[in-house]
Amino acid sequence: MKTTHLLTVRQLSAVQINTLLKEAAALKRKPLSRRTLSGKVIGLLFHKPSVRTRVSFEVGIRQLGGESLYLGSGDLGGASREAPRDLARVLCRYLDGIVARTFAQTDVTTLAEWSPIPVINGLTDSDHPCQALSDLLTIRERFGKLRGIGLAYIGDGNNVCRSLMEGAALTGIGMRVATPAGHAPDPATVAWCRGAARKSGGTLLLTRDPREAAEGAQVLYTDVWTSMGQEKERVRRLKAFRGFQINGPLMRRAARGAVFMHCLPAHRGEEVSSELLDSPASIVYDQAENRLHLQKAVWVSLFRSKQ
Ligand code: CP
Ligand code: NVA
């Protein structure tokens, strides 16, 4: 990676993604083969809860020889306590890298802008790049390739959907996104992805019909209908997303050997049936594991480009 930060998937090229996936696969085979973070301390700045992102980063940093320091919302206070630019300018005097989970994407871009140390986006309201890149690793592991794979995302056009769309567009995946009215991915992202897909050989279809998206797909993917920060909308959203659950009958429309993916945490019985999550078609725990390997590859890449 030429850049010093990882803030979105769309900042990457197809070549950079491929390099990251290769490095991640190598680290998965030999987890302790790199000491990239030896003597380094990474700060985890989390304004929202997390299990996978926090634990996979903390363990990955340790495996790379470094140490981590977790600062939750109680430590950080809100934006009213300190502007992100001041936080960045202070923290870079102590730390060697930052992973930030925030609400606004501008909070991570401001941290990166004012920080000479690498900043990784650990999820914002609009993007979840570490998740999408790990998902590409998982899909490639399963099918041996990305180009030409049929990927159906069914549910909310949210942060996870956006980063996945960008990753799919860059790597030649045929993606279909089914969302209810009012919950489609934003038009600017759709336009960007269509442009990238034209170059990579991918495609992007938007629909309101989950069955149309699922038909013949090799991967069916969903995420929660109510993301962190949207809790007050939960009742309205449950109603809006009725009929968008991924379950056995929908999976039967997919290709033979199709898999089910979910970034987790899942709400069993809402966006996915409990049986499907536990079925052999579900590869959600491989997905979760791959966060560890992929994020380690990101550190290797970011610190290589800094040298
Ligand atoms: N998928 C994911 O980012 O999970 P956490 O919110 O638990 O980190
Ligand atoms: N869309 C979800 C993803 C959680 C990993 C959220 O933002 O809450």
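Whatever comes next refers back to the structure up there.
The notes below deal with the structure included here. (Residues numbered from 1 in each chain as written. Chains lettered and ligands numbered in written order. Predicted model: local features only at pLDDT ≥ 70, side-chain atom pairs only at ≥ 80, totals over all residues. Heavy atoms only, no water.)

1. Some remarks on the pairing of strand E9 (residues 259–262)
Neither face of E9 is open: one carries Val259 and Met261, the other Phe260 and His262, and all of them are buried. Across 4 bridges, strand E8 (residues 219–222) lies against E9 in parallel orientation. If you follow Thr222 over to E9, its bridge partner there is His262. (Buried < 20%, exposed > 50% of the residue type's maximum accessible area, 1.4 Å probe, protein only. Helix = DSSP H or I, 4+ residues; strand = E, 2+ residues; numbered from the N terminus. Pairing = 2+ DSSP bridges.)

2. Considerations on the site of ligand 1
Close contacts around ligand 1 come from Ser50, Val51, Arg52, Thr53, Arg101, His128, Gln131, Cys263, Leu264 and Arg291, and that covers them all. Cys263 is positioned such that a nitrogen or oxygen atom in its backbone is 3.0 Å from a nitrogen atom of ligand 1. Between Arg291 and ligand 1, the recorded distance is 3.1 Å, taken from a side-chain N or O atom to an oxygen atom. Isolated, ligand 1 exposes 260 Å² of accessible area, and the fraction of that covered by the protein chains is 96%. A molecule is said to occupy a pocket when more than half its atoms come within 2 Å of that pocket's grid points, and by this definition ligand 1 occupies the largest pocket. (Near = heavy atom within 4 Å. Polar contact = N/O pair within 3.5 Å; in protein donor to acceptor, adjacent residues only side chain to side chain. Areas by Shrake-Rupley, 256 points an atom, 1.4 Å probe, with all protein chains shown as cover. 1 Å grid on protein atoms, 1.4 Å probe; cavity = no way out; pocket = protein on both sides within 12 Å on 5 of 7 lines; lining within 4 Å. Sits in = over half its atoms within 2 Å of the grid points.)

3. Overview of the sheet that holds strand E5 (residues 150–154)
Taking strand neighbours across the sheet as the criterion, the 5 strands line up as E7-E6-E5-E8-E9 in an open arrangement whose pairing is parallel. At either margin of the open sheet sits one strand with a lone partner, and together these are strand E7 (203–207) and E9. Direction aside, the axes of adjacent strands within the sheet are offset by 20° on average. Both E5 and strand E6 (residues 174–178) contribute to a ladder of 5 bridges, which runs parallel. Bridge pairing links Leu151 to Met175 in E6. Against the sheet, helix H6 (residues 129–143) makes contact with E5, E8 and E9, and its axis sits at roughly 165° relative to E9, the strand it touches most. (Axes fitted to C-alpha atoms, helices over the stretch in contact; angles between N-to-C directions. Contact = heavy atoms within 4.5 Å.)

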